[in-house]
Amino acid sequence: MIGYLSGKIKFLSESDCILDVNGVGYKISIDAATRQDLKIGESAEFFIHTAVREDAINLFGFKNQSTFELFEKLLTVNGVGAKSALGIVSKISAADFSIAVSRQDLNALTKLPGVGKKSAQRILLELKDKIKPFAENSDAGEFQPSENFSSAFDEATEALSALGYTQAEISAAFKKAPKNSTTEQLVKIALKELNRFA
């Protein structure tokens, strides 16, 4: 099984890329946060999950180890396939997901693509005892809201999502936000960060 690849980006679309590894092109499905960091012609390396089926071998690549670990844990949940798991990790960071599971926040999970109430309940049940490592291993710079901060965070996230920003973009933009920020302050901070890279 392929677990890691390093090479140069030869092709790039919204959901996948072709990585040239010593003259061999590997087509890799990627999450939203990984997609933002890639440019054609530049070097890149990925943690790889290899999905083998009767009719195909599919590669899923991640630049972030926490996201890769979350993706693989999601695959252990009954009814969650590789494409569904990729959609989930494209919309929420491993740190934010670990918070949602530790709080058994059903509402947060049902906002994710392809996750209905029953799927969310299965995820919370099956991952509740497996989620702690994500919080421990997640990147130090990843945004992690405190208990008192969650309401403002949720409201600001909803407002920014309505403007078309992804969960990964929003979480990254919140990194510099003080933990006691109001919803309005969070939105202003995030927009300033997001527009800086526009």
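Rules used throughout
- Residues numbered from 1 in each chain as written.
- Predicted model: local features only at pLDDT ≥ 70, side-chain atom pairs only at ≥ 80, totals over all residues.
- Heavy atoms only, no water.
- Buried < 20%, exposed > 50% of the residue type's maximum accessible area, 1.4 Å probe, protein only.
- Helix = DSSP H or I, 4+ residues; strand = E, 2+ residues; numbered from the N terminus.
- Pairing = 2+ DSSP bridges.

Participant: Residue-level account of helix α4 (residues 94-102), with values.
Facilitator: Counting buried positions over the 9 residues of α4 gives 8, a clear majority of the element. Within α4 the residues assigned to the buried category are A94, A95, D96, F97, S98, I99, A100 and V101. One or two positions beyond α4, positive phi appears at Q104, with a value near 50 degrees.

Participant: Please provide a residue-by-residue account of the pairing of strand β2 (residues 16-21), values included.
Facilitator: The side chains of a regular strand alternate between both faces of the sheet. Bridge count between strand β1 (residues 4-12) and β2: 4 bridges; the pairing is antiparallel. The residue of β2 that forms the bridge with L12 is C17. Taken together, β1 and the strand that follows it, β2, pair antiparallel across an intervening segment of 3 residues. The pairing of β2 with strand β3 (residues 24-30) spans 6 bridges and is antiparallel. Considered in β3, the bridge of V21 is made with V24. What sits between β2 and β3 in their antiparallel hairpin is a turn of 2 residues, with N22 showing a positive phi close to 55 degrees.

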